[in-house]
Amino acid sequence: MNYIDTHCHLDGEEFAADRDAVVQRAREAGCTAVFLPAIDAASCRTVLDVCRQYPDYCRPMLGLHPEEVRSDWQEVLARIKYSLTSHLLPLTSPAIAIGEIGLDYYWSREFEREQLEAFEAQVRWAVELQLPLMIHCRKAQNEMVAIIKRYAHDLPGGVFHCFTGNVQEAQQLLEFDRFVLGIGGVLTFKKSHLPETLAEVVPLGRIVLETDAPYMAPVPLRGQRNEPAFIRHVITRLAEAYGVSEEEICRQTNANVARVFKVNG
């Protein structure tokens, strides 16, 4: 079985000591590609560096994460936009998406206005460059949906990363027919209602796999550092939820990745 990890912070310090081994374990587990999201200007550099180290395997996504938005967000976005469009990118595989961007009011609303403006600016980039979006959203779905609706006709699509919501929230996001839901380790958690929610209202054609590594390792590895090889446990749980084979989960999610990102693993 082959699969793709569409969201992994492989450039993080958590992987500095054994990144080669993590990539080797991913390959052995059947992971054929790993997509790396930036979260700020500095991580744009580290994401591109890792993608240079593993060409045709790691693919970069560049953007400003909502939790990194501060009063200087316009200056930071200017630097990230340069990374997206400058002559440097041909030295690596080209950016395949804008992300990780979005809205997050879970801890604080101190920079609420700045988050909204930074998010909308990057949504406009997606229209301009015709790149899909990798969207992070916590405690802000209504605000996020309102912005996406303004551009829905012109957006090429994207991923609602780390979906853990209920039936109503899933249905609202599925109205954006070029977008898919990113599903990871939370699916396997004992108290998660996600398997039932997905099976009830989310077609397999609207799901992609992700780790969000090093975070949210699946059961039975919960509490450990997550890594792309661990997606196997998510695939198993998805197959149980949908009543299909693990091979079918991989086939369909790979097809979804190819459709949204215009790349193959």
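Asks: So what about the pattern of salt bridges? Which residues, and what values?
Replies: When the charged atoms of two side chains lie near each other, side chains of opposite charge can form a pair. In total, this model carries 16 salt bridges according to the counting rule given. Close ionic contact of Arg113 with Glu117 constitutes a salt bridge, the shortest N to O distance being 3.2 Å. With Arg113 and Glu117 both in helix 4 (residues 112–129) and four residues apart, the pair spans about one turn of that helix. A salt bridge links Glu240 to Arg237, with the shortest nitrogen-to-oxygen separation between them at 3.3 Å.

Asks: Run through the side chain of His136, naming residues and quoting values.
Replies: With respect to the secondary-structure elements, His136 resides in strand 5 (residues 133–138). At 3.4 Å, the side chain of His136 and the side chain of His65 are in polar contact. Not counting the four nearest positions on each side in its chain, His136 is found in contact with His65, Pro66, Glu100, Ile101, Gly102, Leu103, Asp104 and His161.

Asks: Please set out the pairing of strand 3 (residues 58–62) residue by residue, giving values where relevant.
Replies: It is a general feature of regular strands that their side chains alternate between the two faces of the sheet. A large share of strand 3 lies buried, amounting to five of its five residues. Where burial is concerned, the two faces of strand 3 agree: the one with Cys58, Pro60 and Leu62 and the one with Arg59 and Met61 are both buried. Across four bridges, strand 2 (residues 31–37) lies against strand 3 in parallel orientation. When the sheet's bridge partners are listed, Leu36 is paired in strand 3 with Pro60. Taking the sense of rotation as the criterion, the β-α-β connection linking strand 2, helix 2 (residues 41–53) and strand 3 turns out right-handed.

Asks: Residues and numbers for the sheet that holds strand 3, please.
Replies: Within the open sheet, the eight strands sit side by side as 1-2-3-4-5-6-7-8. Their pairing is parallel. One side of each edge strand has no neighbouring strand; the edge strands of this open sheet are strand 1 (3–5) and strand 8 (207–209). Each adjacent strand pair in this sheet contributes to an overall mean axis angle of 30 degrees, direction not counted. In terms of strand pairing, strand 6 (residues 158–160) meets strand 7 (residues 179–183) through three bridges, oriented parallel. Looking at strand 7, one finds that Val159 is bridged to Val180. The sheet strands contacting helix 9 (residues 246–261) are strand 1, strand 2, strand 3, strand 4 (97–104), strand 5, strand 6, strand 7 and strand 8, and the helix crosses strand 8 at an angle near 100 degrees.

Asks: Lay out the nonpolar core with the relevant residues and their values.
Replies: Nonpolar side chains in soluble globular proteins tend to be buried together. One finds Leu133 and Leu198 to be the most contacted residues of the largest nonpolar core, which totals 81 residues. Once you skip the residues sitting within four places of it in the chain, Leu133 turns out to touch Ile98, Ile101, Gln122, Val123, Ala126, Ile148, Leu155, Gly157, Gly158, Val159 and Phe179. If you look at the next biggest cluster of nonpolar residues, it comprises 14 residues, including Met134, Val180, Val208 and Val260.

Asks: I'd like a rundown of helix 9, residues and numbers included.
Replies: With 16 residues, helix 9 should reach 22 Å at 1.5 Å per residue; the first-to-last C-alpha distance of 22 Å fits that figure. Three or more residues of helix 9 are buried, namely Ile249, Cys250, Gln252, Thr253, Asn256, Val257, Val260 and Phe261. With its phi angle positive at about 60 degrees, Lys262 sits one or two positions after the end of helix 9.

Asks: Account for the packing of helix 8 (residues 231–242) against helix 9, with residues named and values stated.
Replies: Two elements in contact, helix 8 and helix 9, have axes separated by 8 Å at closest approach and are oriented at 105 degrees. In terms of orientation, helix 8 lies roughly perpendicular with respect to helix 9. Between helix 8, through Ile235, Thr236, Leu238 and Ala239, and helix 9, the contact on the second element is made entirely by Glu246, Ile249 and Cys250. Partitioning the contact of helix 8 with helix 9 into residue classes produces five nonpolar, one polar and one charged.

Asks: Can you lay out the packing of aromatic side chains for me, pointing to particular residues and giving the numbers?
Replies: Here the distance between the centres and the angle between the planes together describe a pair of aromatic rings. For the structure shown, the criterion picks out five aromatic pairs. On the basis of an interplanar angle of 25 degrees and a centroid distance of 4.9 Å, the ring pair of Phe160 and Phe179 is categorised as stacked. One end of the pair, Phe160, is in strand 6; the other, Phe179, is in strand 7, with 19 residues separating them in the sequence. Among the residues examined, Phe160 registers a relative accessible area of 3% and is labelled buried. Residues Phe176 and Phe179 carry aromatic rings whose centres are separated by 6.2 Å and whose planes lie at 70 degrees to one another, so their mutual orientation is edge-to-face. Per residue, the accessibility class of Phe176 equals that of Phe179, and both read buried.

Rules of the game
- Residues numbered from 1 in each chain as written.
- Predicted model: local features only at pLDDT ≥ 70, side-chain atom pairs only at ≥ 80, totals over all residues.
- Heavy atoms only, no water.
- Salt bridge = Lys/Arg side-chain N within 4 Å of Asp/Glu carboxyl O.
- Helix = DSSP H or I, 4+ residues; strand = E, 2+ residues; numbered from the N terminus.
- Polar contact = N/O pair within 3.5 Å; in protein donor to acceptor, adjacent residues only side chain to side chain.
- Contact = heavy atoms within 4.5 Å.
- Buried < 20%, exposed > 50% of the residue type's maximum accessible area, 1.4 Å probe, protein only.
- Pairing = 2+ DSSP bridges.
- Right-handed = clockwise from strand over helix to strand, strands pointing away.
- Axes fitted to C-alpha atoms, helices over the stretch in contact; angles between N-to-C directions.
- Core = buried A, V, L, I, M, F, W, Y, C linked by side-chain atoms within 4.5 Å.
- Expected span 1.5 Å × (residues − 1).
- Parallel < 35°, antiparallel > 145°, perpendicular 65-115°, else oblique.
- Nonpolar A, V, L, I, M, F, W, Y, C, P; charged D, E, K, R; others polar.
- Phe/Tyr/Trp six-rings, centres within 6.5 Å; stacked < 30°, edge-to-face > 60°.

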